[in-house]
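Descriptive analysis of the structure
Here's the letter readout for the chains.
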Amino acid sequence: GLLLLIDKKMSLILNNYQPISPSELQIYEKLWSASSPKNGEISGLEAVKFLQNSDVQIQILKQIWSLSTPALTMNKPQFFTALRYIAMAQKGETNLSYDRLVSTIHIDFGPPHFKSLEIDVKAAIIPSVSSISPVASITNDSYVITTDDHIKYYQLFVQYDADGDGFMSGQESIG
């Protein structure tokens, strides 16, 4: 979900929506691929063409754009944020704002829908953790990343992900 929920002080750093479940992430990834990104981003013109297939009113799409990116292009995290806002709008949310995005993070709006684009939602469903037999048991001394470490590593990732595609190439990882 939104990494912002961990700590309000991150609101200016981590303001992009990250899909919560593996199935939601897979759907968002498929939509990202369908939008035909080039060099880790999608142009404004391509984004408008793609997002208009959501049947969300153009004025609302303009608002979603301004909430998702300050630029004339969108990278993957910004695109995912726009997809979340579109899903919210399609389910009747009228108060589209960053605060509303944060406060509804626990609500499953389902995936956003786009006409003339069928994403196989059933194929995107990954078995839940409870249905996978464990390879090793988890003990009480398992490591859990702290909020401060999470912030630190996320900031490092964003810093070194030069093309903003959400992945680290070998060259990007050696910085």
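Criteria and thresholds
Residues numbered from 1 in each chain as written. Predicted model: local features only at pLDDT ≥ 70, side-chain atom pairs only at ≥ 80, totals over all residues. Heavy atoms only, no water. Helix = DSSP H or I, 4+ residues; strand = E, 2+ residues; numbered from the N terminus. Contact = heavy atoms within 4.5 Å. Areas by Shrake-Rupley, 256 points an atom, 1.4 Å probe, with all protein chains shown as cover. Core = buried A, V, L, I, M, F, W, Y, C linked by side-chain atoms within 4.5 Å. Buried < 20%, exposed > 50% of the residue type's maximum accessible area, 1.4 Å probe, protein only.

A count of helices and strands for the protein gives seven helices and two strands. Ordering the α and β elements of the protein from the N terminus gives α-β-α-α-β-α-α-α-α. Put simply, of all contacts in the protein between residues at least 6 apart along the chain, 61% involve residues at least 24 apart. Of the accessible surface of the protein, which amounts to about 10,700 Å², a share of 57% is contributed by carbon and sulfur atoms.

What follows deals with the nonpolar core. Across soluble globular proteins, you tend to see nonpolar side chains buried next to one another. Core analysis: the biggest nonpolar cluster contains 30 residues, and L51 and F79 have the highest contact counts within it. Counting only elements with at least two residues in this core, the list comes to α1 (22–34), α2 (44–51), α3 (58–68), α4 (76–90) and α5 (98–103). No other element matches α4, which puts nine residues into this core. Other than its neighbours up to four places away in sequence, F79 contacts L31, W32, S35, I42, F50, L51 and M74.

Limitation: the analysis is restricted to geometry and does not speak to function.
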